[in-house]
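# Structure at a glance
So you can see what is in the structure, the chains are spelled out below.
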Amino acid sequence: MSYELSTQDPGHHHLGGELCIYDAAALKPQLLNLLVPNAVRDIDLSRVTEMDSAGVQLMLLTRQVAVKRGCKLTFSGHSPAVREVMNLFHLSADFDSPTLVPVKEFA
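Our subject in this report is the structure included herewith. Because the structure is a prediction, the values reported are computed rather than measured.

Cut-off values and rules
- Residues numbered from 1 in each chain as written.
- Predicted model: local features only at pLDDT ≥ 70, side-chain atom pairs only at ≥ 80, totals over all residues.
- Heavy atoms only, no water.
- Helix = DSSP H or I, 4+ residues; strand = E, 2+ residues; numbered from the N terminus.
- Buried < 20%, exposed > 50% of the residue type's maximum accessible area, 1.4 Å probe, protein only.
- Bend = angle between axes of the 7 residues up to and from the residue.
- Contact = heavy atoms within 4.5 Å.
- Axes fitted to C-alpha atoms, helices over the stretch in contact; angles between N-to-C directions.
- Parallel < 35°, antiparallel > 145°, perpendicular 65-115°, else oblique.
- Left-handed = near helix turned anticlockwise from the far one by under 90°.
- Nonpolar A, V, L, I, M, F, W, Y, C, P; charged D, E, K, R; others polar.
- Pairing = 2+ DSSP bridges.
- Lys, Arg positive; Asp, Glu negative; His and termini not counted.
- Salt bridge = Lys/Arg side-chain N within 4 Å of Asp/Glu carboxyl O.

Here the focus is the environment of Gly55. Secondary-structure assignment places Gly55 in helix 2 (residues 53-69). Taking the relative accessible area as the measure of exposure, Gly55 reaches 1% and is therefore buried. In this structure the C-alpha to C-alpha distance between Gly55 and Ile21, which are 34 residues apart in sequence, comes to 6.9 Å.

Printed below as a string of structure tokens:
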């Protein structure tokens, strides 16, 4: 397991490490279990060091399930690895966050 999901308080969670195909299946139930009806959840992505298309799919699924369950979900603190992949897939607008800015601005 190369990722870490921790809970700072009941509504704020940190996801770190690799968000890749190797761990997406193991991480999926943990993320979906956070999404209970009428809950407010924030997943901080500032510690994500690597992300691939499986990670993107997992973020999209998590957001979709949150909507279906009536859970307010936000992703925050997008790391450079997350921003790079989101920009590559032209998903920056779908995950509109004030922290989601082009990676090249940090170079």
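From this point, things continue past the structure.
Before going further, it helps to examine helix 1 (residues 21-33). Along its length, helix 1 shows its largest kink, about 45°, at Leu27, and proline Pro29 lies within four residues downstream of that point. Along helix 1, the positions that sit buried rather than exposed are Asp23, Ala24, Leu27, Leu31 and Leu32. Summarising the contacts, the buried residues of helix 1 are in contact with strand 1 (3-9), strand 2 (12-19), strand 3 (40-51) and helix 2.

Where helix 1 meets helix 2, the closest approach of the two axes is 10 Å, and the angle between their N-to-C directions is 15°. The orientation of helix 1 with respect to helix 2, classified from their angle, is roughly parallel. Our pair here, helix 1 against helix 2, has a crossing hand that is right-handed. In this structure, helix 1 uses Ile21, Ala24, Leu27, Lys28, Leu31 and Leu32 to contact helix 2, whose residues at the interface are Ala54, Leu58, Leu61, Thr62, Val65 and Arg69. Looking at the contact of helix 1 with helix 2 residue by residue, the class counts come to 9 nonpolar, 1 polar and 2 charged.

Now for the sheet that holds strand 2. What the 4 strands build is an open sheet, ordered 1-2-3-4; its pairing is mixed. Looking along the sheet, the strands with just one partner apiece sit at the ends: strand 1 and strand 4 (72-76). On average, each strand axis in the sheet is inclined to that of its neighbour by 20°, with strand direction left out of account. Pairing of strand 3 with strand 4, which is carried by 5 bridges, proceeds in the parallel orientation. Looking across to strand 4, one finds that Asp42 is bridged to Thr74. Contacts from helix 1 reach strand 1, strand 2 and strand 3, with the element oriented near 15° to strand 1.

In this section: the side chain of Asp44. Secondary-structure assignment places Asp44 in strand 3. Despite being buried, Asp44 has no salt bridge partner; Arg47 is the closest side chain of opposite charge, sitting 6.3 Å away. Not counting chain neighbours up to four residues away, the residues in contact with Asp44 comprise His12, His13, His14, Leu15, Ser76 and Gly77.

What follows concerns unusual backbone geometry. In this structure, Asn38 takes a positive phi of about 65° despite not being glycine. Tracing the backbone through its elements, the reader meets Asn38 in the loop between helix 1 and strand 3. Using a relative accessible area of 72% as the deciding quantity, one classes Asn38 as exposed. One non-glycine residue, His90, lies in positive phi territory at about 55°. Among the secondary structure elements, His90 is positioned in the segment after helix 3 (80-88). Owing to a relative accessible area of 71%, His90 belongs among the exposed residues under this scheme.

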